[in-house]
Amino acid sequence: MSHHPGPAPDPDDDPVSAGPLPDPATDPAARALRDALAARAETVRPTDRLQEIRMSTTSRRRTTRAWAAVATTAAVLVVGGSAFALTRGDDESVRTVASAPTGAAERSSAPAPATSEPSGEGTAPSAAQEPAAEEPSQATTGAPATTGRSLPAGSATVPVYWLGGQPQLLFREYVPAGDAADDATNALRAVLGGQPSDPDYASPWGPDDSATVTARDGRLVVDIAASAAAGDAEAGDVTAAVQQLVYTVTAAAGEDLPVEIRVDGRSEPLVFGYAVPETVSRAPQSDVQAPAWITAVDTGTPGQAVVEGVGSAFEGTLLYTVTDASGAEVTRGPAQAGANGTFAEFSVTIPLPAGEYTVLVERPDESGGEAGAQPAGDTKSFTVR
């Protein structure tokens, strides 16, 4: 049998002997290296890796729990913005009504100071919305509110929301304040059985000169007599009336807080035949406010009228139309306000000869009639000299 030798060994695979290591006792370089390594070893302190692992694991668990808490809070906030249902006294569910999150502000501009100079015709001194959402109070940010704290007082005029049009929407005026202890109570008593300066506005509430508003436990508590909420109405009208009350007292108080309505001292009462939840917050402005309303018409300069107001429209463009005493159209044009659900003030100067006029400001129908009936606009009559 033939034998085939394997491959020849590679000379490079052979280990190279370095020879014996130098003796530190006789070799100065080896001795210096030994001493340096020994000195370095003295400075090393081993760590407790078990403790580090435990601490790292605990930290990760805490972080996970923290994010879980954040997610839970977010879910609660979303749940707090759910809808509520108005029900008749016989517990028959009649309508679901959108409600803003409890205590959440409407993200609008700062309140119009009632101490400025609005007239009884509803002159708004500055901003379009009241509670200052850009600088939320302690109560609106979720911090505990002081029980029984005082409300703003001493204003010459107070904001009052009225109802108008069909479906009924909110229009605001400023009215002279009464002699109650605070502005919110003055506004409440004005809306209860009060008379708006514009005959197109109305209020379903009955008079109650003893009604009060108090700030308690992070909410505004409204106490009214049963006679102020007596009678019967459609669910949609009751919803509008409740929002009228909520917008009025929160505007006068200067804070967007949930409102508890008590009738003859009872919480969750019947209002115009319907049960109301324990607390109600402002619904979104675009749902309950009229898309345009006039706050003032200034005719102090001869030959012109300056029309001011608040509104919101597609791309911010409202439409004004002026008619004369005979009802004939004299002029029309655009008025720039807030856009697409955001409310803002508008002001337009209209040159006119001397005479009697009526101005209508409305949100134009951009759908060409496909959207159905549009909310009513606002009108004011005036005289140019």
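Reading the values: rules and limits
Residues numbered from 1 in each chain as written. Predicted model: local features only at pLDDT ≥ 70, side-chain atom pairs only at ≥ 80, totals over all residues. Heavy atoms only, no water. Salt bridge = Lys/Arg side-chain N within 4 Å of Asp/Glu carboxyl O. Helix = DSSP H or I, 4+ residues; strand = E, 2+ residues; numbered from the N terminus. Buried < 20%, exposed > 50% of the residue type's maximum accessible area, 1.4 Å probe, protein only. Pairing = 2+ DSSP bridges. Axes fitted to C-alpha atoms, helices over the stretch in contact; angles between N-to-C directions. Contact = heavy atoms within 4.5 Å. Parallel < 35°, antiparallel > 145°, perpendicular 65-115°, else oblique. Left-handed = near helix turned anticlockwise from the far one by under 90°. Polar contact = N/O pair within 3.5 Å; in protein donor to acceptor, adjacent residues only side chain to side chain. Core = buried A, V, L, I, M, F, W, Y, C linked by side-chain atoms within 4.5 Å.

Here we come to the pattern of salt bridges. What the rule picks out here adds up to seven salt bridges. Residue Arg149 pairs with Glu255 through a salt bridge whose shortest N-O separation is 2.9 Å. Within this pair, whereas Arg149 is found in the loop between β2 (93-97) and β3 (157-164), its partner Glu255 is found in the loop between α4 (235-253) and β7 (259-263), the two being separated by 106 residues in sequence. Here Asp198 ties to Lys380 by a salt bridge, and the two come within 2.8 Å at their closest N and O atoms. A residue pair is termed long-range when its members are at least 10 positions apart, and Asp198 in the loop between α3 (183-191) and β5 (212-216) and Lys380 in strand β17 (residues 378-384) qualify at 182 residues. Classification of Asp198 by relative accessible area gives buried; the value is 4%. Taking relative accessible area as the criterion, Lys380 reaches 14% and is therefore assigned buried. Connected through salt bridges with shared partners, the residues Arg219, Glu260, Arg262 and Glu278 form a single ionic network.

Turning to the sheet that holds strand β16 (residues 355-362), a few remarks are in order. Ordered in space as β13-β12-β16-β17, the four strands form an open sheet in which the pairing is antiparallel. Taken across any chain shown, the strands that pair with only one partner, and hence form the sheet edges, are β13 (329-336) and β17. When the angles between neighbouring strand axes are averaged without regard to direction, this sheet yields 25 degrees. Where β16 and β17 come together, seven bridges link them in antiparallel fashion. Counterpart to Tyr357 in the pairing with β17 is Phe382.

Moving on, we come to unusual backbone geometry. Residue Gln166 is joined to Pro167 through a cis peptide bond whose omega torsion reads 5 degrees. Mapping Pro167 onto the fold places it in the loop between β3 and β4 (169-176). Of note in the backbone geometry, Asp264 takes a positive phi value of approximately 55 degrees without being a glycine. Residue Asp264 is classed as partly exposed on the basis of its relative accessible area of 48%. A positive phi is found at Glu315, a non-glycine position, where the angle reads about 55 degrees. Mapped onto the elements, Glu315 comes out in the loop between β11 (304-313) and β12 (317-324).

Right, let's get into the sheet that holds strand β6 (residues 219-224). Pairing within the open sheet is mixed, and its three strands lie in the order β5-β6-β7. Only two strands of the sheet have a single partner each, and these edge strands are β5 and β7. Averaged over all neighbouring strand pairs, the angle between strand axes comes to 25 degrees, with direction disregarded. Strand direction decides the pairing type here: β5 and β6, joined by five bridges, are antiparallel.

Let us now look at α3. Within α3, eight of the nine residues are buried, which leaves it mostly tucked inside the rest of the structure. If you follow the buried residues of α3, they end up packed against β3, β4, β5, β6 and α4. Downstream of α3 by a residue or two, Gly193 has a phi angle that is positive, lying close to 75 degrees.

Judged by how many residues are buried, β4 sits mostly within the fold: seven of eight residues are covered. Looking at chain direction, β3 and β4 are connected through eight bridges and run antiparallel. Bridging from a neighbouring strand, Val158 pairs with Val175 of β4. Linking β3 to β4, which pair antiparallel, is a turn of four residues; within it Gly165 sits at a positive phi near 75 degrees.

Turning to the packing of α3 against α4, a few remarks are in order. Their axes nearest at 7 Å, the elements α3 and α4 cross at an angle of 150 degrees. Our classification of the angle between α3 and α4 gives roughly antiparallel. Both α3 and α4 take part in a crossing whose hand is right-handed. Contacts from Asp183, Ala184, Ala187, Leu188 and Val191 in α3 reach Gln244, Leu245, Thr248, Val249, Ala252 and Ala253 in α4.

Looking at the element boundaries, Ser155 is found in the loop between β2 and β3. Among the polar contacts listed, one links the side chain of Ser155 to the side chain of Asp183, at a separation of 2.7 Å.

It is worth spelling out the nonpolar core at this point. By size, the foremost hydrophobic cluster in this structure holds 45 residues, and its most contacted members are Leu188, Leu192, Trp205, Leu220 and Ile224. With nine residues, α4 is the largest single contributor of residues to this core. Excluding residues within four positions of it along the chain, Leu188 makes contact with Ala211, Thr212, Val213, Val222, Asp223, Ile224, Leu245, Thr248 and Val249.

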